[in-house]
Amino acid sequence: MRYWLICLVAILVFGTTSNAAKIQGHKDVEIKIKVKDYPNAPVVLGYYYNKQMLVRDTVWTDDRCQATYSRDTLLDEGIYMLYIPDHNMMDIIVTGNQRFSIECDTLKNMSQRAVCEGNEPLKTFLTYQKYLAEMQGKYKDLSNDFKAARQEGDTAKQSAIRRAYSAMDKEVKANNNEIIEANKDNFLSVFLTALKEVEFPKIDLPAGTANRDSLTQVYSYYWYRKHWDMHLNFADKRLLFTPIMVQKVDEYLDKSVPQVADSVAEECIRIIEKARPDSIAFRYWVSHLYNKVNDSKIMGMDGALVRIADKYYLSGQAKWTTKKFIDDLREQIDGIRYTLVGLKAKDLKMPSVTGEWFQLSEVDAPYTILVFWEPSCGHCKKEIPELKKTVWDPYKKYGIKVFAVYCQVEREEWEKFIEEHELEEWMNVYDPYGRSGFRKYYNIKSTPQIFVLDKDKTIIAKRIGVDQLPDFFNHYLNIEK
């Protein structure tokens, strides 16, 4: 049911070539379309890709309101759409038989009025959509009745509505199962199976068990984590041509998996491995999940990025990529792998502005702020004084120290900035001979860059803004605002 209520999501379309022998004048694809009172106008055949609805092709109706979409090679099986600009759209299922006709006697409610000839799965699919629309209307009526009964305090009526709702739910599920069973020889069965929600088993806890509700929730959560994809076949590339797969996967990863690198990486790898039997599905899920992790704004998620890149791209398994792509990716990943949250920070031993030497690993502090900066950087001119004012001054009493690495070698501007902004209490160091390797180990390509280290010099935060540090230290130091 949820498929028809969510926003349409998109997936990549990969072309295939039919190996069937060609008959003179015969097309593998011939979709005849007729829409009443719609002459000499466009009809769009669309598809889904990465949460966007894109155009496969456009055909025009003639004076008799008829149009034909044809091509020599088969479309990939999946869910497509017919779109009448400024009027309406409807979803259709494309299976192995791609020579059929669709006729509709109205521009409104097309999916409820369309009639198909020459394709039994599509006929069933259209009937299925009409049935769902009817049931949704009944669900809505029951929901309104339940709200009224709750406002009136009529508990008996509420119970009756719940029973009616449960009976309707069973009816919908039974109807879906009948269609699935009757269409096992075509893609409609696969698609409707993928639409099914996971049903939780009944949990019987021993009598007298304490915290029954909490234990039930915990059991249900771990059961769902293990079985959430029981109706999904990641190795069936046809499901890539539907608006459900990415939605289900992204929702699961975002809402059910702990948002830490190891957990996310394990789930991504599990999905990719299930897709491995089909080369197109495998390629899709490697690319999609790598990009999803790469786009994450959660600190430390780059640990999952490194694991996916190492396992599939840098190992040579992503054979569809170019050498340049891999070389660029290797440089990017190598720049990340030394600064993953949870790793011990690479040690730095560097001379200070006064000539004294400081070594990062020997800094005795519960927390160390490691900052890379330069006074000629416009952003640093604002952030470094703010770091002193909002973080160093109020938190130094808790033993926090600052290891500030100047990223250039000219001393005059550096010394002037330190003096002007009273940064003398920091460990102000630089690398005049280029021996420390700080740019490589900390991937310094822009400034300022801030890392927070614990007492063992383990990285606990990275690429964090000065404005985020007060809340960060309030949390770690248990300071009440």
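Every chain is numbered independently, its residues counted from 1 as its sequence is written. Given that this is a predicted model, residues contribute local features only at a pLDDT of at least 70 and side-chain atom pairs are listed and counted only at 80 or more, while totals for whole chains, interfaces and linings are drawn from all residues. In computing side-chain properties, one takes all heavy atoms of the structure into account and sets aside hydrogens as well as water.

Caption draft 1: Up close: the overall build of the protein. Check the secondary structure of the protein and you find 14 helices and 15 strands. With the radius of gyration taken over C-alpha atoms, the globule rule is written as 2.2 Å times the number of residues to the power 0.38. In terms of C-alpha radius of gyration, the protein reaches 30 Å, well past the compact-globule figure of 23 Å for 481 residues. For every residue, the accessible area (1.4 Å probe, protein chains only) is compared with the maximum for its type, and the residue is labelled buried under 20%, exposed over 50%, or partly exposed between those bounds. Expressed as a percentage of the 481 residues in the protein, the buried residues total 46%. If you sum the accessible surface of the protein, you get close to 25,400 Å²; carbon and sulfur atoms cover 49% of it. We count Lys and Arg on the positive side and Asp and Glu on the negative side, and we leave His and both chain ends out. Here the site of a charge means atom NZ of a Lys, CZ of an Arg, CG of an Asp or CD of a Glu. Between the centroid of the 68 positive side chains of the protein and the centroid of its 69 negative side chains there is a distance of 3 Å. Runs of E in the DSSP output that reach at least two residues are strands. Runs of H or I that reach at least four are helices, and both are numbered from the N terminus. Surface accessibility in these figures is a Shrake-Rupley result with a 1.4 Å probe; residues are shielded only by whichever protein chains are displayed.

Caption draft 2: Seen up close, the packing of helix 9 (residues 302–313) against helix 10 (residues 323–337). Axes, fitted as lines to C-alpha atoms, cover a helix only where it is in contact. Angles between the N-to-C directions of the axes lie from 0 to 180 degrees. The contact between helix 9 and helix 10 brings their axes to 10 Å, and the two run at 140°. Between helix 9 and helix 10 the crossing geometry is left-handed. Facing helix 9, whose interface residues are Asp302, Leu305, Val306, Ala309, Asp310 and Tyr313, helix 10 presents Phe325, Ile326, Leu329, Gln332, Ile333, Ile336 and Arg337. Ten residues, namely Ala, Val, Leu, Ile, Met, Phe, Trp, Tyr, Cys and Pro, are considered nonpolar, four, namely Asp, Glu, Lys and Arg, are considered charged, and the remaining ones, Gly among them, are considered polar. The class makeup of the residues in the contact of helix 9 with helix 10 is 9 nonpolar, 1 polar and 3 charged. By the definition used in this description, the sense in which the near helix is turned from the far one sets the handedness, with an anticlockwise turn below a right angle giving left-handed and a clockwise turn giving right-handed. For this analysis, residues touch if any pair of their heavy atoms sits within 4.5 Å.

Caption draft 3: Structural context of the nonpolar core. Among buried residues, the Ala, Val, Leu, Ile, Met, Phe, Trp, Tyr and Cys ones that are joined through side-chain atoms within 4.5 Å form a nonpolar core. Core analysis: the biggest nonpolar cluster contains 97 residues, and Leu122, Phe234, Trp285 and Ile333 have the highest contact counts within it. When residues no more than four places from it in sequence are discounted, the contact partners of Trp285 are Phe234, Leu240, Met245, Val246, Val249, Ile271, Ile272, Ala275 and Tyr290. Core analysis: the next-biggest nonpolar cluster, separate from the first, contains 31 residues, Val353, Val371, Cys377 and Tyr395 among them.

Caption draft 4: Unusual backbone geometry, seen in detail. A cis amide bond links Thr447 with the next residue in sequence, Pro448, at an omega value of 0°. Its place among the elements puts Pro448 in the loop between helix 13 (438–442) and strand 14 (449–454). At Asn40, a residue that is not glycine, the phi angle is positive and equals roughly 50°. The topology assignment puts Asn40 in the loop between strand 1 (29–35) and strand 2 (42–49). The backbone of Asp86 sits at a positive phi, close to 70°, despite the residue not being glycine. With respect to the secondary-structure elements, Asp86 resides in the loop between strand 5 (78–84) and strand 6 (88–94). According to the relative accessible area criterion, Asp86 is exposed, its value standing at 74%.

Caption draft 5: How the structure looks around the sheet that holds strand 3 (residues 52–60). Taken together, the 4 strands give an open sheet; going across it, the order is 3-2-5-6, and neighbouring strands pair in antiparallel fashion. Across the chains shown, the open sheet's two edge strands, defined by having one partner strand only, are strand 3 and strand 6. Going from strand to strand, the sheet's axes swing by 30° on average, the running direction of each strand aside. Note that strand 2 and strand 5 share 3 bridges and pair antiparallel. From the neighbouring strand, Val44 faces strand 5, where its bridge partner is Tyr83. DSSP-based pairing: two strands are paired if at least 2 bridges between them are found.

Caption draft 6: Looking closely at the packing of aromatic side chains. Centre distance within 6.5 Å is the pairing criterion for rings of Phe, Tyr and Trp, where only the six-membered ring of Trp is used; planes under 30 degrees apart are then read as stacked, over 60 as edge-to-face, and the remainder as tilted. Per the stated rule, a full pass over the model turns up 32 aromatic pairs. Ring plane angle 90° and centroid distance 5.2 Å describe the contact between Tyr338 and Tyr441, whose orientation is recorded as edge-to-face. Of the two residues, Tyr338 sits in the loop between helix 10 and strand 9 (349–351) while Tyr441 sits in helix 13, which places them 103 residues apart along the sequence. Here Tyr441 falls in the partly exposed class, since its relative accessible area comes to 23%. Summarising the aromatic geometry, the rings of Phe372 and Phe451 are spaced 6.1 Å apart at their centres and angled 85° between planes, so their arrangement reads as edge-to-face. Here Phe451 lies in strand 14 and Phe372 lies in strand 11 (residues 367–373), a separation of 79 residues in the sequence. One aromatic cluster is present, formed by Phe200, Trp223, Tyr224, Trp228, Phe234, Tyr252, Tyr284 and Trp285 through successive ring pairs. A cation over a ring is seen here: Arg56 above Tyr47, with NZ or CZ 5.5 Å from the ring centre. Over a ring means this: the NZ of a Lys or the CZ of an Arg is within 6 Å of the ring centre and within 35 degrees of the ring normal.

Caption draft 7: Quick peek at the sheet that holds strand 7 (residues 99–104). Ordered in space as 4-1-7-8, the 4 strands form an open sheet in which the pairing is mixed. Each end of this open sheet is capped by a strand with a single partner; those strands are strand 4 (66–71) and strand 8 (115–117). On average, each strand axis in the sheet is inclined to that of its neighbour by 15°, with strand direction left out of account. In terms of strand pairing, strand 1 meets strand 7 through 6 bridges, oriented parallel. Each bridged residue has a counterpart across the sheet, and for Ile33 the counterpart in strand 7 is Ile102. Against the sheet, helix 2 (residues 120–152) makes contact with strand 7 and strand 8, and its axis sits at roughly 170° relative to strand 8, the strand it touches most.

Caption draft 8: Inspection of the confidence of the model for the protein at higher detail. In predicted models, pLDDT denotes the confidence assigned by the predictor to each residue on a 0 to 100 scale. In the predicted model, the protein carries a mean pLDDT of 91, and 94% of its residues have values of at least 70. With pLDDT under 50 throughout, residues 1–24 is counted as low confidence; its partners more than four residues away or in other chains account for 78 contacts.

Caption draft 9: Seen up close, helix 3 (residues 155–182). Multiplying 1.5 Å by the residue count of a helix minus one yields the expected span of that helix. Compared with the 40 Å implied by 1.5 Å per residue over 28 residues, the 41 Å span of helix 3 between its first and last C-alpha is a close match. Among the residues of helix 3, those classed as buried are Gln158, Ile161, Met168, Val172, Asn175, Asn176, Ile179 and Ile180. At its buried positions, helix 3 is contacted by helix 2 and helix 4 (187–195). The term polar contact refers here to a pair of N or O atoms within 3.5 Å; inside protein, the definition further demands a hydrogen-donor-capable atom paired with an acceptor-capable atom, and it admits residues adjacent in sequence only when both atoms are side-chain atoms. For helix 3, the N-terminal capping position is held by Asp154, with its side-chain oxygen 3.3 Å away from the main-chain nitrogen of Ala156.

Caption draft 10: Highlighting a negative patch on the surface. Each patch is built from residues lacking any salt bridge and having more than 30% relative accessible area; the joining distance is 9 Å for like charges and 5 Å for nonpolar side chains (Val, Leu, Ile, Met, Phe, Trp, Tyr). The working definition used for a salt bridge is a side-chain nitrogen of Lys or Arg within 4 Å of a carboxyl oxygen of Asp or Glu. Judged by side-chain charge, Glu419, Glu420, Glu422 and Glu424 come together as a negatively charged surface patch. Along the polypeptide, Glu422 turns up in the loop between helix 12 (411–420) and strand 13 (427–430). According to the relative accessible area criterion, Glu422 is exposed, its value standing at 53%.

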